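Structural description and commentary
Take a look at the letters that make up each chain.
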Amino acid sequence: MASQALEGIKVVDTATLLAGPLIATLLGDYGADVVKVEHPKGDALRSFGWVKDGVSLWWLFINRNKACVSLNLGCPAGAELLKELVADADVLVENFRPGTMERWGLGWDVLSALNPRLVMVRVTGFGQTGPYANRPGYGTLAESMSGFAHLNGYPDGPPTLPPLALADGVAACVGAFATLAALRHRDATGQGQVVDQAIYEPLFWMFGTQALAYDQLGLIPGRTGNRTPMTVPRNSFQAADGGWFGLSAASPSVAERVVRLVGREDLVDQEWFADHTGRLAHQDEVEDAIAAWVAKRSSEEVTAAFEAVGAAIAPMYTIADIFADPQYAARETIPTVEHEPLGPVRVPGVVSRLVATPGAVRHLGRAPGADNEAVFAGRLGHSAADLAAWRDAGVV
């Protein structure tokens, strides 16, 4: 394999559950050398979500491409071992409540003095400052307080939380970008810094125009279901065989092609159709025409007809549909990776494709302490007797 984009970057991941560890996962996918540190009693993620043969599927996904070591950071010997790992590391990721690392003698003042080039990524629900800094923070809280839940769902229904770790995933993508920005600055100046990554802020940022609309127009948007005030038509439509489709026509030209396709040229001829505000005022009329046309045809017929006129529509897939789709297969979006003891496992691959250095899923999340000897003895130079003593004392 060609050298990877982040080859040579050393990352120590002490974070738990989702947002923090996912930052390290993204870095590891592009070749960073990541050491995953978990408590000797086992990380909470190992009992999280779906499990097969005693193996957490979330653990396999989030802690892929990482060497797994066990270490009790709350005891002096464990804190000293972490310092040894950090001494030549480029990045440390942690997501404990503000003050916890300081209580263990592992605060920024200590670690940056030990390694001035270190980038310390601190992931919390609400950030390191402000009146909520010490509150426990999870993705659900961020999805609630960012404004996402208020806008998600139908007008006559309650605010709706997402069925996935949305806030954690968005925070991880933004946090990984911020980490690379900090490394770029470090390489230019020789000085590391803290990345203070709150979980709620990236999801709020995604609604940037909502803040502008409230500030400048006093608007408080509400739930619109599958619709959006920015695009008409935009909704879900069901074919005669039961298949569902998602349709969006963001530009007037696409909207015109769709409406002509469904046989309603009379709507295109209306003066209001050429204007977004006009189409929005006639949204029911436009989308009812599309729904009636789609409902009379099979999913295959709908797809073929829309492709023929260059309009944007897509089937709403289940995970089974995704596994059978030729586009996913052609791009190897879900590669197969061998795992002991589960055997061949299909897992989401590297998110963004770098043509020269594409990244890879080299292995999945390992067993507890699987790499203790390789890291503590091979990398740090400690003896087998040291490891045995630390095991007996609950340090590793």
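Here goes a summary of the coordinates provided. (Residues numbered from 1 in each chain as written. Predicted model: local features only at pLDDT ≥ 70, side-chain atom pairs only at ≥ 80, totals over all residues. Heavy atoms only, no water.)

The subject of this paragraph is the overall build of the chain. Regarding its fold elements, the chain presents 19 helices and 13 strands. Seen through its principal axes, the chain has C-alpha atoms that stretch 85 × 50 × 40 Å. Within the span of the chain, comprising 396 residues, buried residues form 44% of the whole. When contacts within the chain are restricted to residue pairs at least 6 apart in sequence, those whose partners lie at least 24 apart make up 67%. As displayed, the chain offers around 19900 Å² of accessible surface, 57% of which is attributable to carbon and sulfur atoms. (Helix = DSSP H or I, 4+ residues; strand = E, 2+ residues; numbered from the N terminus. Buried < 20%, exposed > 50% of the residue type's maximum accessible area, 1.4 Å probe, protein only. Contact = heavy atoms within 4.5 Å. Areas by Shrake-Rupley, 256 points an atom, 1.4 Å probe, with all protein chains shown as cover.)

Before going further, it helps to examine the sheet that holds strand S9 (residues 234-238). Ordered in space as S9-S10-S11, the three strands form an open sheet in which the pairing is antiparallel. Single-partner strands in this sheet number two, and they are S9 and strand S11 (313-315). Across this sheet, the average inter-strand angle for adjacent strands is 25°, counted without regard to direction. When strand S10 (residues 244-248) meets S11, the two strands line up antiparallel, connected through three bridges. Residue pairing across strands places Phe245 opposite Pro315, the latter belonging to S11. Strands S10 and S11 of the sheet are contacted by helix H15 (residues 299-309), whose axis makes an angle of about 20° with S10. (Pairing = 2+ DSSP bridges. Axes fitted to C-alpha atoms, helices over the stretch in contact; angles between N-to-C directions.)

What the rule picks out here adds up to 17 salt bridges. Here Arg64 ties to Asp29 by a salt bridge, and the two come within 2.6 Å at their closest N and O atoms. Pair noted here: Arg64 is in the loop between helix H2 (57-62) and strand S5 (66-70) and Asp29 is in helix H1 (residues 19-29), with a separation of 35 residues, a long-range link. Arg64 sits in the buried class, given a relative accessible area of 2%. Note that Arg122 is salt-bridged to Glu102, the shortest N-O span being 3.0 Å. On the criterion of sequence distance, the pair formed by Arg122 in strand S7 (residues 119-124) and Glu102 in helix H4 (residues 100-103) is long-range, its members being 20 residues apart. The exposure class assigned to Arg122 is buried, which follows from its relative accessible area of 5%. Accessibility expressed as a relative area gives 36% for Glu102, which makes it partly exposed. Overlapping salt bridges bring together Asp90, Arg117, Arg186 and Asp187 as one network. (Salt bridge = Lys/Arg side-chain N within 4 Å of Asp/Glu carboxyl O.)

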